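Residue strings, one per chain:
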Amino acid sequence: MRSRPLRAILALILGLAAGVASADELRTGDIVLLGNDSAWGFVARRFADGDSRWSHAGMVIRDGKGVAVVHMDGSPLGGRIRRESFAAFTGQARYVRVVRPALDAGKRARVGEWLDIQLRRGTPFDTSFRLDDHLAMYCSELVWRALEQVAMTPGSDSLPSLAGRDYVPVDRLATLGRVLDEASRPSSLVAGTR
């Protein structure tokens, strides 16, 4: 009989070989990057730091309600923070990447608590894209701020600026951990985008 850790490693390897990690392998604090062709995606790619495939980001939360991705929905009809299943979050994306920051159990718990607070607050989407306003956030800012809670970001002085304002490029989030997996889907599979 195989040991539990060996089975977990084998499941992760098989999941990676299949494309995207299953919900069983995801942990609170994992970063999920998406590449899609939405209007916000077009804007996000123009502000990329180097890899313009990535246009949306969210963070995994695993709690008593299950495994989900928390992200900022930029809908013009009242964009705000949302929680949705990993499958729903990644379902329409052209590209998907999962990044795992080096977080111990305590840091994962603090990140999860902070995300839960943002969900309860109903944090609105930041259409001004300002880092100096913590009341509203855009997608990559949400992930950056969550990791800031546990000192896992290099600081805002490492961020690019435009017109004197710092911003968090979506692709910059890939540098905050180890890439677990990445999947590409033919564009014909993209029926709708975020």
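All figures in this text were calculated on a predicted structure; none of them were measured in a lab.

Draft legend 1. Local environment of the overall build of the protein chain. The helix and strand tally for the protein chain stands at five helices and eight strands. Along the protein chain, from the amino end to the carboxyl end, the secondary structure elements read α-β-α-β-β-β-α-β-α-α-β-β-β. Classification of the 194 residues of the protein chain by burial places 45% in the buried group. The long-range share in the protein chain, meaning contacts at least 24 apart out of those at least 6 apart in sequence, stands at 68%.

Draft legend 2. Focus on the side chain of Gln-118. The topology assignment puts Gln-118 in helix 4 (residues 105-121). The contacts of Gln-118, once residues within four sequence positions are left out, are Ile-81, Thr-123, Met-137 and Leu-142.

Draft legend 3. Local environment of the pairing of strand 4 (residues 80-84). Pairing of strand 3 (residues 66-73) with strand 4 involves five bridges; the strand directions are antiparallel. Bridged to Val-70 within strand 4 is Arg-83. As consecutive antiparallel partners, strand 3 and strand 4 are separated by six residues, and within that stretch Gly-78 has a phi angle of approximately 110 degrees, a positive value.

Draft legend 4. Quick look at the nonpolar core. Ile-31, Leu-33, Leu-115, Leu-147 and Leu-173 are the most contacted members of the largest nonpolar core, which has 34 residues in total. For Leu-115, the contacting residues outside a window of four places in its chain are Met-59, Val-60, Ile-61, Val-70, Leu-142 and Ala-146. In this structure, Leu-34, Phe-86, Ala-93 and Leu-180 belong to the second largest nonpolar core, which totals 11 residues.

Draft legend 5. Molecular detail of the packing of aromatic side chains. Following the criterion strictly, the structure yields three aromatic pairs and no others. Measuring from ring centre to ring centre gives 5.8 Å for Phe-125 and Phe-129, while their planes differ by 85 degrees; the resulting arrangement is edge-to-face. Consider the rings of Phe-129 and Tyr-138, whose centres lie 5.1 Å apart with planes at 45 degrees: the pair is tilted. Here the aromatic cluster, defined as three or more aromatic residues joined through ring pairs, consists of Phe-125, Phe-129 and Tyr-138. A cation sits over an aromatic face here: Arg-53 above Tyr-95, 5.7 Å from the ring centre.

Draft legend 6. Seen up close, helix 5 (residues 139-148). With respect to burial, helix 5 is a largely interior element, nine of its 10 residues being buried. Here helix 5 has its buried residues at Cys-139, Ser-140, Glu-141, Leu-142, Val-143, Trp-144, Arg-145, Ala-146 and Leu-147. On its buried face, helix 5 is in contact with strand 1 (31-35), strand 2 (56-63), strand 3, strand 4 and helix 4.

Draft legend 7. Up close: the confidence of the model for the protein chain. Chain-level statistics for the protein chain give a pLDDT mean of 81 and a share of 78% at 70 or above. Per-residue pLDDT stays below 50 along residues 1-20; that stretch engages in 16 contacts with residues further than four places along the chain or on separate chains. In this model residues 186-194 is a low-confidence stretch, pLDDT under 50, and it forms 20 contacts with partners more than four residues away in sequence or in other chains.

Draft legend 8. Here's a closer look at unusual backbone geometry. The backbone of Phe-129 shows a phi angle near 50 degrees, a positive value even though the residue is not glycine. Along the chain, Phe-129 turns up in the loop between helix 4 and helix 5. Judged by relative accessible area, which is 29%, Phe-129 ranks as partly exposed. In this structure, Ala-163 takes a positive phi of about 55 degrees despite not being glycine. Note that Ala-163 resides in the loop between strand 6 (161-162) and strand 7 (165-166).

Draft legend 9. Representation of the pattern of salt bridges within the structure. Considering all chains together, one arrives at eight salt bridges under this definition. Glu-141 is paired through a salt bridge with Arg-145; the nearest N and O atoms lie 3.3 Å apart. Taken together, the residues Glu-141 and Arg-145, both in helix 5 and four residues apart, mark about one turn of the helix. An identical accessibility class is assigned to Glu-141 and Arg-145; each is buried. We note a salt bridge from Arg-145 to Glu-148, for which the minimum N-O separation is 3.0 Å. Of the two residues, Arg-145 and Glu-148 both sit in helix 5, three residues apart, roughly one turn of that helix.

Quick notes on the rules
- Residues numbered from 1 in each chain as written.
- Predicted model: local features only at pLDDT ≥ 70, side-chain atom pairs only at ≥ 80, totals over all residues.
- Heavy atoms only, no water.
- Helix = DSSP H or I, 4+ residues; strand = E, 2+ residues; numbered from the N terminus.
- Buried < 20%, exposed > 50% of the residue type's maximum accessible area, 1.4 Å probe, protein only.
- Contact = heavy atoms within 4.5 Å.
- Pairing = 2+ DSSP bridges.
- Core = buried A, V, L, I, M, F, W, Y, C linked by side-chain atoms within 4.5 Å.
- Phe/Tyr/Trp six-rings, centres within 6.5 Å; stacked < 30°, edge-to-face > 60°.
- Lys NZ or Arg CZ within 6 Å of the ring centre and 35° of its normal.
- pLDDT = per-residue confidence, 0-100.
- Salt bridge = Lys/Arg side-chain N within 4 Å of Asp/Glu carboxyl O.

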